[in-house]
Structures are given as C-alpha cells and as structure tokens.
Amino acid sequence: ELEVGKIEKIMAQAGGKLVEDVKLFDIYTGPQVGADKKSVSLRVVLRAQDRTLTVEEAEKVSEKILKALDSQLGINLRS
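## Quick notes on the overall build of the chain
1) Next: Check the secondary structure of the chain and you find two helices and two strands.
2) Next: Traced from its N-terminal end to its C-terminal end, the chain shows the element sequence α-β-β-α.
3) Next: By principal-axis analysis of the C-alpha atoms, the chain measures approximately 45 × 20 × 20 Å.
4) Next: In the chain, buried positions account for 20% of the 79 residues.
5) Next: For the chain, the share of sequence-separated contacts (at least 6 apart) that also reach a separation of at least 24 residues comes to 51%.
6) Next: Entry remark: accessible area of the chain is about 6100 Å², with carbon and sulfur atoms responsible for 49%.

## Points about unusual backbone geometry
1) Next: Even without being glycine, Asp36 reaches a positive phi, approximately 60 degrees.
2) Next: Inspection of the secondary structure assignment puts Asp36 in the loop between β1 (19–28) and β2 (39–46).

## Structural notes on the confidence of the model for the chain
1) Next: Mean pLDDT over the chain stands at 92; residues scoring 70 or higher make up 100%.
2) Next: When pLDDT is averaged over each element of the chain, helix α2 (residues 55–73) comes out on top at 96 and β1 at the bottom at 93.

## Structural notes on the packing of helix α1 (residues 4–15) against α2
1) Next: In the contact formed by α1 and α2, the axes pass within 8 Å of each other and the chain directions differ by 135 degrees. Accordingly, the angle class assigned to the pair α1 and α2 is oblique. When the axes of α1 and α2 are compared, the crossing they make is right-handed. Between α1 and α2, the contacting residues are Lys6, Ile7, Ile10, Met11, Ala14 and Gly15 on the first element and Val61, Lys64, Ile65, Ala68, Leu69, Gln72 and Leu73 on the second.
2) Next: Here the residues of the contact of α1 with α2 sort into nine nonpolar, two polar and two charged.

How each quantity is defined
Residues numbered from 1 in each chain as written. Predicted model: local features only at pLDDT ≥ 70, side-chain atom pairs only at ≥ 80, totals over all residues. Heavy atoms only, no water. Helix = DSSP H or I, 4+ residues; strand = E, 2+ residues; numbered from the N terminus. Buried < 20%, exposed > 50% of the residue type's maximum accessible area, 1.4 Å probe, protein only. Contact = heavy atoms within 4.5 Å. Areas by Shrake-Rupley, 256 points an atom, 1.4 Å probe, with all protein chains shown as cover. pLDDT = per-residue confidence, 0-100. Axes fitted to C-alpha atoms, helices over the stretch in contact; angles between N-to-C directions. Parallel < 35°, antiparallel > 145°, perpendicular 65-115°, else oblique. Left-handed = near helix turned anticlockwise from the far one by under 90°. Nonpolar A, V, L, I, M, F, W, Y, C, P; charged D, E, K, R; others polar.

Encoded structure:
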C-alpha cells in the first residue's frame, strides 16, 4: 500500500544535501519476506560537490536514512 515515491522522498530529506539521487531498482514479494510484505531495493547516490566523502560521512548519512524510514514508516533494513 505504501508508495515508493514516499520512501524516496523521506530518504532524500533524511540524507540532506549529500543525497544526489534515489531510485527504485527492484521489488520482491515472496515467502522470504512474509505475507503482505514487499522487499524494495533502492539505489542511493551520495555526493558532496566540494570534496570526496569519507566512509564515516557516508555511514552517518546511511544511518540517518535508516532511522528516518523506521521512525516515519516502520521500514527496516532486511538482512
């Protein structure tokens, strides 16, 4: 029921100016993800215009995005 565009918007907002692009590339439904659920795969491009990002910066942005998805939509990272 949840629109991917809403997920993309929250990801972009949570990542701030370092998020250059967010795009859907796969949707999976099946027994591995559970009944009435979908696994959605998105590609996120992080970029600073004035420097090369450090691993720490990228990880911090990723954590912010994941926290926002969890708190606002109840979405979590599937492992």
